[in-house]
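Observations on the model geometry
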Amino acid sequence: MLVHLPHFVTVEDLTVEQTLVLIERAEEFKAGTPAPKLSQPVYVTNMFFENSTRTHTSFAMAEKKLGLTEIPFDASHSSIKKGETLYDTCLTMDALGVDLTVIRASENEYYQALIHPKADEHLSIGVVNGGDGSGQHPSQCMLDIMTIHEHFGHFKGLKVAIVGDITNSRVAKSNMEILNKLGAEVYFSGPEYWYDHAFDKYGKYLPMDELVGMVDVMMLLRVQHERHAGDANEASFSAADYHAKYGINKARYEALKDDAIIMHPGPINRGVELAGEFVEAPKSAFVEQMRNGVFMRMAMLEAVLRGRKLGGLE
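Remember, predicted model here, so these are calculated numbers, not experimental data. Residue numbering note: each chain is counted from 1, following its sequence as written. Owing to the predicted nature of the model, reporting of local features is limited to residues with pLDDT of at least 70; listing and counting of side-chain atom pairs is limited to 80 or more, with chain, interface and lining totals taken over all residues. Note that the side-chain values use all heavy atoms of the structure and ignore hydrogens as well as water.

Description of the overall build of the protein chain
Each helix and strand in the protein chain was counted, giving 11 helices and nine strands. In terms of C-alpha radius of gyration, the protein chain reaches 20 Å, essentially the compact-globule figure of 20 Å for 314 residues. Looking at the protein chain as a whole, 55% of its 314 residues qualify as buried. Any two residues whose heavy atoms approach within 4.5 Å are treated as being in contact. Looking at the protein chain alone, contacts between residues at least 24 apart form 78% of all its contacts between residues at least 6 apart. Helix and strand definitions follow DSSP, with helices as H or I runs of at least four residues and strands as E runs of at least two, each counted in order from the N terminus. In this setup the radius of gyration rests on C-alpha atoms only. A globule is expected at 2.2 Å times the number of residues raised to 0.38. Whether a residue is buried, partly exposed or exposed follows from its accessible area with a 1.4 Å probe, protein chains only, as a fraction of its type maximum: under 20%, in between, or over 50%, in that order.

Considerations on empty space enclosed by the protein
The rule is simple: put a 1 Å grid over the protein atoms alone, call a set of points where a 1.4 Å probe fits but cannot get out a cavity, call an open set with protein on both sides within 12 Å along at least five of seven lines a pocket, and count a residue as lining if it has an atom within 4 Å of a point. Grid points are joined across faces, edges and corners, and a volume is the space filled by probe spheres set on the points. Under the defined criterion, the tally for this structure stands at one cavity of 30 Å³ or more. Reported here for the largest cavity is a volume of approximately 50 Å³. As for the largest cavity, its lining consists of Leu2, Val3, Val21, Leu22, Arg25, Ala299, Glu302, Ala303 and Arg306. Elements supplying a minimum of two residues to the lining of the largest cavity: helix 1 (16-30) and helix 11 (286-307).

Notes on unusual backbone geometry
Pro267 follows Gly266 through a cis peptide bond whose omega is -10°. Structurally, Pro267 is set in the loop between strand 9 (261-263) and helix 11. You will see that Glu109, though not glycine, has its phi angle at about 55°, which is positive. With a phi angle near 55°, Lys309 is a residue other than glycine that sits in the positive phi range. Along the polypeptide, Lys309 turns up in the segment after helix 11.

Digging into the pairing of strand 5 (residues 159-163)
Counting buried residues in strand 5 gives four out of five residues, a clear majority hidden from the surface. Across five bridges, strand 5 lies against strand 6 (residues 185-189) in parallel orientation. Bridging across to strand 6, Val163 finds its partner in Ser189. Consider the strands pointing away from the viewer: the crossover is right-handed when the path from the first strand over the helix to the second runs clockwise. Running through helix 6 (residues 170-181), the crossover from strand 5 to the neighbouring parallel element strand 6 is right-handed. Note that strand 5 and strand 8 (residues 217-220) share four bridges and pair parallel. Pairing of Val160 across the sheet is with Val217, part of strand 8. Strands are labelled as partners when DSSP assigns at least two bridges between them.

A word on the side chain of Ser284
Assignment of secondary structure puts Ser284 in the loop between strand 9 and helix 11. Among the residues examined, Ser284 registers a relative accessible area of 15% and is labelled buried. For this analysis, a polar contact is any N or O atom pair within 3.5 Å, provided that within protein one partner can donate a hydrogen and the other can accept it, and provided that sequence-adjacent residues contribute only side-chain to side-chain pairs. Within the local environment of Ser284, its side chain forms a polar contact with the backbone oxygen of Val279, the two atoms lying 2.7 Å apart.

Let's talk about the nonpolar core
Side-chain atoms within 4.5 Å link the members of a nonpolar core, which is a set of buried Ala, Val, Leu, Ile, Met, Phe, Trp, Tyr and Cys residues. Met142 and Met296 are the most contacted members of the largest nonpolar core, which has 62 residues in total. Ranked by residue count, the leading element in this core is helix 11, at 10 residues. Residues in contact with Met296, not counting those within four places in the same chain, are Leu22, Ile23, Ala26, Met142, Leu143 and Met146. By size, the runner-up hydrophobic cluster in this structure holds 27 residues, among which are Val163, Trp194, Tyr253 and Val272.

A word on the sheet that holds strand 3 (residues 100-105)
Taken in spatial order, the four strands of this open sheet run 2-1-3-4, and their pairing is parallel. What marks the edges here is a single partner per strand, and that holds for strand 2 (69-70) and strand 4 (126-132). In this structure, strand 1 (residues 43-48) lies alongside strand 3, joined through five bridges in parallel fashion. From the neighbouring strand, Asn46 faces strand 3, where its bridge partner is Val102. Axes, fitted as lines to C-alpha atoms, cover a helix only where it is in contact. Angles between the N-to-C directions of the axes lie from 0 to 180 degrees. Where helix 2 (residues 54-66) meets the sheet, its contacts fall on strand 1, strand 2, strand 3 and strand 4, and the angle it forms with strand 1 comes to roughly 175°. Running at roughly 160° to strand 1, helix 3 (residues 86-95) makes contact with strand 1 and strand 3 of the sheet.

Focus on the pairing of strand 6
Residues in a regular strand project their side chains so that they alternate between the two faces of the sheet. Counting buried residues along strand 6, four of its five residues qualify, which places the element largely inside the surrounding structure. Relative to strand 7 (residues 203-205), strand 6 runs parallel, the two being bridged by three bridges. Within strand 7, the residue paired with Tyr187 across the bridge is Lys204.

Take a look at the structure:
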């Protein structure tokens with residue numbers, strides 16, 4: 001069985017079976033399974049309106065490996081700067097023959113207007129969400145769970161801590177949902193002023209030092225200063241204090257179980273969430289996450305290619 005999707009914008013609607021099939025497919029690509037042969041050209045554009053290194057480049061690499069033709073897009077020189085709406089930019093791409101677009105935008109759920117056009121609108125381009133504001137980050141979530149599965153072989157009963165700037169993190173929101181669905185036990189920690197008790201339905205908030213010795217996965221989040229406009233806590237933020245209270249330092253690294261892994265979506269604030277000496281340490285999965293991102297994004301893109309019958313795929 002292969003997954004077929006018209007768009008890939010959120011993990012909320014994925015079934016457990018679809019999730020596991022996508023992981024298996026990504027692992028196959030990583031093991032050297034050839035990409036499906038396209039009998040017709042497929043054109044894709046990556047429209048990133050927020051800065052990105054990993055996600056943008058990883059999608060570009062995944063597209064290359066799948067044999068897609070990338071049509072360059074420069075957000076800083078696009079007509080968005082003249083006031084064009086995102087819908088009209090996508091309408092332009094659609095009219096020019098672009099089949100798929102990967103989008104990162106600062107507005108939560110920007111994709112709703114694109115995948116549910118009004119009665120007088122006829123947009124037919126496929127949309128893959130590269131991150132929407134503080135909403136969802138499906139490709140990061142999927143590569144994260146691929147990395148966990150690759151290390152442990154299962155999810156049932158695994159203890160996963162999500163630590164840091166949780167309220168502002170699309171990574172946290174995507175991961176807490178899907179980890180619950182897969183049977184993992186989720187815990188939270190970090191500054192309480194960046195924790196919303198609406199997340200209590202997904203897991204339990206505990207002090208950082210209670211979690212370190214008990215969890216299998218320590219998922220650290222970047223402190224997202226760019227999303228703290230109007231947050232009174234931003235003015236008093238101290239990188240050193242944060243690291244002392246919530247970061248992985250030498251003592252906490254050594255307290256982690258021998259088989260535990262540290263994860264981080266990047267970019268890492270060295271010396272804040274994670275001491276620089278542990279970024280590439282044996283318990284750190286950071287580099288493997290980045291590597292896995294290419295293969296998981298291949299699996300996600302393939303699901304949309306098949307769902308839209310692009311490139312001759314069924």
